[in-house]
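Coordinate analysis (summary)
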Amino acid sequence: MSNVHLVSHPLVQHKLTLMRRKDASTNSFRRLLNEISMLMAYEVTRDMPMQDIEVETPLETMQAKVIDGKKLVLVSILRAGTGILDGMLTVVPGARVGHIGLYRDPKTLTAVEYYFKMPGEMENRDVIVVDPMLATGNSAVAAVERLKELNPKSIKFVCLLTCPEGVATMQKAHPDVPIYTAAIDRELNSHGYILPGLGDAGDRIFGTK
Ligand code: URA
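A brief look at the structure comes next.

Conventions used here
- Residues numbered from 1 in each chain as written.
- Predicted model: local features only at pLDDT ≥ 70, side-chain atom pairs only at ≥ 80, totals over all residues.
- Heavy atoms only, no water.
- Helix = DSSP H or I, 4+ residues; strand = E, 2+ residues; numbered from the N terminus.
- Buried < 20%, exposed > 50% of the residue type's maximum accessible area, 1.4 Å probe, protein only.
- Contact = heavy atoms within 4.5 Å.
- Near = heavy atom within 4 Å.
- Polar contact = N/O pair within 3.5 Å; in protein donor to acceptor, adjacent residues only side chain to side chain.
- Areas by Shrake-Rupley, 256 points an atom, 1.4 Å probe, with all protein chains shown as cover.
- Nonpolar A, V, L, I, M, F, W, Y, C, P; charged D, E, K, R; others polar.
- Core = buried A, V, L, I, M, F, W, Y, C linked by side-chain atoms within 4.5 Å.
- Lys, Arg positive; Asp, Glu negative; His and termini not counted.
- Salt bridge = Lys/Arg side-chain N within 4 Å of Asp/Glu carboxyl O.
- Arc of directions from axis to C-beta.
- Pairing = 2+ DSSP bridges.

**Thoughts on the overall build of the protein chain**
A tally of helices and strands in the protein chain yields 6 helices and 14 strands. Reported as C-alpha extents along the three principal axes, the dimensions of the protein chain are approximately 60 × 40 × 30 Å. Evaluated residue by residue, the protein chain yields a buried proportion of 45% over its 209 residues. In the protein chain, 66% of the contacts between residues at least 6 apart in sequence involve partners at least 24 apart.

This is the structure:
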């Protein structure tokens, strides 16, 4: 599985384990996802381009490095992507935000688009697509396909959890897009859920079940 970055940091793994528990409350599930997202942001932005600016310290003037957050676009796949987006924006507050609305057709499990809104000048931007669960991979593939029409400088994909089927689908369609994940679980079941997984991420984030 080349181009897959497993974020194995103990803090991430500990928090993910707490999230998997079926009796974790909506409140703690959302808080833990928020915290993990901040830590994943740290990993996925590791190679972000930097520039030197002049800074006056109390003692002298120096050249110091900054990232250009405005060049970065965080693209959330609705609705569960919101759970990762919030945490990432905490640490990269200057990032622009795009949204893609996709739902899974319950019979075919294919992705159907109902919303697409991106910032302008996408050809100058680095994109990070976020969705907690890379399960069948159909939504991720469809989202990246749409984004590639806008010719961004780069695209990365961040999820909390995936499975071999999701990784394979994504890598077949978009081998150029690196995947950042906290875990690769055993398998996908016939309903498109990841096993052992953590259930329906959207329902658990928003308390809709
Ligand atoms: N989406 C979810 O929320 N959970 C899964 O296990 C798979 C897809």
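**Observations concerning the site of the ligand**
The ligand sits among R104, M133, A135, G192, Y193, I194, G199, D200 and A201. I194 places a polar main-chain atom, nitrogen or oxygen, 2.8 Å from an oxygen atom of the ligand. One nitrogen or oxygen atom from the main chain of A201 is found 2.7 Å from an oxygen atom belonging to the ligand. The protein chains hide 90% of the 240 Å² of surface that the ligand would expose on its own. Broken down by class, the residue content of the shell around the ligand amounts to 5 nonpolar, 2 polar and 2 charged.

**Some remarks on the nonpolar core**
Nonpolar side chains in soluble globular proteins tend to be buried together. Counting residues in hydrophobic clusters, the biggest one holds 36 residues, and the most contacted among them are L16, M88, V158, L160 and L198. When residues of this core are traced back to their parent elements, those giving at least two are α1 (10-20), α2 (26-44), β4 (72-78), α3 (81-91), β7 (126-130) and α6 (201-206). For this core, the element with the most residues is α2, which contributes 7 residues. Ignoring sequence-local partners within four residues, the contact set of L16 consists of I36, L160, L161, A182, A183 and L198. In terms of nonpolar packing, the next biggest core, distinct from the first, is built from 23 residues, M118, M122, L134 and A140 among them.

**Concerning the side chain of D126**
Locating D126 in the fold gives a position in strand β7. Of the buried charged residues, D126 lacks a salt bridge, with K153 as the closest side chain of opposite charge at 4.1 Å. Side-chain polar atoms of D126 contact the side chain of S154, separated by 2.6 Å. Dropping the residues within four chain positions of it, D126 is found in contact with P49, K71, L72, V73, K153 and S154.

**Quick look at helix α5 (residues 164-173)**
Of all the positions in α5, only G166, V167 and M170 are classed as buried. Buried residues of α5 fall within an arc of 95° about the axis and therefore sit on the same side. Where α5 is buried, its residues contact β1 (4-6), β8 (133-134), α4 (138-148), β9 (154-158), β10 (161-162) and β11 (179-181).

**Some details on the sheet that holds β8**
Ordered in space as β8-β10-β12, the 3 strands form an open sheet in which the pairing is parallel. Edge strands, defined here as strands with exactly one partner in the open sheet, are β8 and β12 (183-184). Two strands pair when backbone bridges link them, and β8 and β10 are joined in this way by 2 bridges, in the parallel orientation. Opposite M133, over in β10, you have L161 as the bridge partner.

**With respect to α3**
Taken together, the buried positions of α3 are occupied by G81, G83, I84, L85, G87 and M88. For α3, the elements touching its buried residues are α2, β4, β5 (96-104), β7, β9 and α6.

**Considerations on the pattern of salt bridges**
In total, this model carries 11 salt bridges according to the counting rule given. Between K156 and D47 there is a salt bridge whose closest N-O contact spans 2.6 Å. Of the two residues, K156 sits in strand β9 while D47 sits in the loop between α2 and β2 (50-56), which places them 109 residues apart along the sequence. Residue D47 is classed as exposed on the basis of its relative accessible area, which comes to 54%. Close ionic contact of D176 with K148 constitutes a salt bridge, the shortest N to O distance being 3.0 Å. Of the two residues, D176 sits in the loop between α5 and β11 while K148 sits in helix α4, which places them 28 residues apart along the sequence. The exposure class of D176 is partly exposed, given its relative accessible area of 49%. Salt bridges linked by common partners bring K15, R31 and E35 together as one network.

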